[in-house]
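Here's the letter readout for the chains.
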Amino acid sequence: MRIQLAQRSEADELLGRSPLALLVGMLLDQQIPMEWAFTGPYTISERLGHDLTAAEIASYDPDAFAALLAEKPAVHRYPKSMAARVQQLASYLVEHYDGRPEGLWADAADGKELLKRLMALPGYGKQKAQIFLALLGKQLEVQPLGWREAAGHYGEDGSHRSVADVVDADSLAQVRAFKQEAKRAAK
């Protein structure tokens with residue numbers, strides 16, 4: 001299945017071939033529109049001149065990396081703080097998975113273990129980890145035993161709750177409608 005989270009072909013192509021880009025996009029997906037967040041890894045890779053690697057991001061000078069994310073158009077609404085978070089994520093991946101993000105799920109015994117690994121990532125709380133787990137299961141066929149249960153409501157088949165369910169413009173509209181209704185109901 002082709003990833004369509006950024007709704008820009010070149011950015012989505014990167015997300016589809018780079019687990020690191022997908023993790024970074026998910027990390028950036030807060031306080032900005034989803035498409036902007038998931039275009040972020042592509043923007044960073046364009047500015048670097050090549051695909052992202054955890055080792056390079058982790059070792060990049062923090063001030064220079066923040067400046068890279070702040071260039072117009074900025075990668076995020078808060079480029080300095082998000083640059084730090086992206087570097088923390090990359091450092092964690094280098095330290096725990098030899099810089100290979102797919103190591104998170106390659107040998108996970110089950111959905112609970114994979115959720116635990118995702119929740120250990122800097123910048124990933126339970127909700128973000130569950131959404132990413134659902135994204136892995138629904139769109140990348142990473143489906144360890146019990147993944148749907150570990151992903152909670154985000155793992156439900158046929159749901160339109162999160163980025164895990166966005167596969168085209170129509171499903172994006174359905175996810176947005178779900179989120180608007182949830183906000184209305186919370187008031």
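Residues numbered from 1 in each chain as written. Predicted model: local features only at pLDDT ≥ 70, side-chain atom pairs only at ≥ 80, totals over all residues. Heavy atoms only, no water.

Q: Help me understand the overall build of the chain in this model?
A: In terms of regular secondary structure, the chain is built from eleven helices and zero strands. Secondary structure elements of the chain occur, N-terminal to C-terminal, as α-α-α-α-α-α-α-α-α-α-α. What you see for the chain is a C-alpha radius of gyration of 16 Å, in line with the 16 Å of a compact globule of 187 residues. Overall, the chain is about 40 × 35 × 30 Å in size when its C-alpha atoms are taken along their principal axes. Across the 187 residues that make up the chain, the buried fraction comes to 49%. (Helix = DSSP H or I, 4+ residues; strand = E, 2+ residues; numbered from the N terminus. Rg over C-alpha atoms; globule rule 2.2 N^0.38 Å. Buried < 20%, exposed > 50% of the residue type's maximum accessible area, 1.4 Å probe, protein only.)

Q: Is there a simple way to explain the packing of aromatic side chains in this structure?
A: For any pair of aromatic rings, the description rests on two quantities: the centre-to-centre distance and the angle between the ring planes. As enumerated under the stated definition, the model contains three aromatic pairs in all. Judged by centre distance (5.6 Å) and plane angle (65 degrees), the ring pair of Y60 and F65 falls under edge-to-face. F65 sits in the buried class, given a relative accessible area of 0%. Here Y124 and F132 contribute two aromatic rings whose centre-to-centre distance is 6.1 Å and whose plane-to-plane angle is 85 degrees, an arrangement assigned as edge-to-face. For the pair formed by Y124 and F132, the shared burial category is buried. An aromatic cluster is built from W105, Y124 and F132, whose rings are joined through pairwise contacts. (Phe/Tyr/Trp six-rings, centres within 6.5 Å; stacked < 30°, edge-to-face > 60°.)

Q: Would you mind showing me how to read the packing of helix α2 (residues 19-28) against helix α6 (residues 79-97) here?
A: Axes are the key here: two packed helices are described by the angle between their axes and the distance separating the axes. Viewed as axis vectors pointing N to C, α2 and α6 meet at an angle of 140 degrees, and their least axial separation amounts to 10 Å. The angle between the axes of α2 and α6 places the two elements in the oblique class. Between α2 and α6 the crossing geometry is right-handed. Contacts from L20, L23, V24, L27 and L28 of α2 reach α6 at M82, R85, V86, L89 and L93. Looking at the contact of α2 with α6, its residues break down into nine nonpolar, no polar and one charged. (Axes fitted to C-alpha atoms, helices over the stretch in contact; angles between N-to-C directions. Parallel < 35°, antiparallel > 145°, perpendicular 65-115°, else oblique. Left-handed = near helix turned anticlockwise from the far one by under 90°. Contact = heavy atoms within 4.5 Å. Nonpolar A, V, L, I, M, F, W, Y, C, P; charged D, E, K, R; others polar.)

Q: Can you walk me through unusual backbone geometry in this structure?
A: The bulk of non-glycine residues show a negative phi, and the bulk of peptide bonds are trans. Geometrically, the link from K72 to P73 is a cis peptide bond, its omega value of -10 degrees lying close to zero. Examined against the element boundaries, P73 turns out to sit in the loop between α5 (62-70) and α6. Its identity as a non-glycine residue notwithstanding, Q31 has a phi of 65 degrees, on the positive side. By the element assignment, Q31 lies in the loop between α2 and α3 (34-48). A positive phi angle, close to 55 degrees, is found at D98, a residue other than glycine.

Q: What should I look at first to understand the pattern of salt bridges in this one?
A: Charged atoms that come close allow side chains of opposite charge to pair. Following the criterion strictly, the structure yields twelve salt bridges and no others. Each of E13, R17 and D51 takes part in one network of salt bridges that share partners. (Salt bridge = Lys/Arg side-chain N within 4 Å of Asp/Glu carboxyl O.)

Q: So what exactly am I meant to see when it comes to the side chain of T43 here?
A: Considering the arrangement of structural elements, one finds T43 in helix α3. Not counting chain neighbours up to four residues away, the residues in contact with T43 comprise P73 and V75.

Q: So what exactly am I meant to see when it comes to the environment of G16 here?
A: Tracing the sequence through the fold places G16 in helix α1 (residues 9-17). A sequence separation of 114 residues divides G16 from Q130, and the C-alpha atoms of the two residues are 19 Å apart.

Q: Explain the packing of α2 against α3 here, please?
A: The contact between α2 and α3 brings their axes to 8 Å, and the two run at 140 degrees. Relative to α3, the element α2 lies oblique. For the crossing formed where α2 meets α3, the hand is right-handed. Contact residues: A21, L22, V24, G25, M26 and L28 in α2; A37, F38, G40 and P41 in α3. Taken together, the residues of the contact of α2 with α3 sort by class into eight nonpolar, two polar and no charged.

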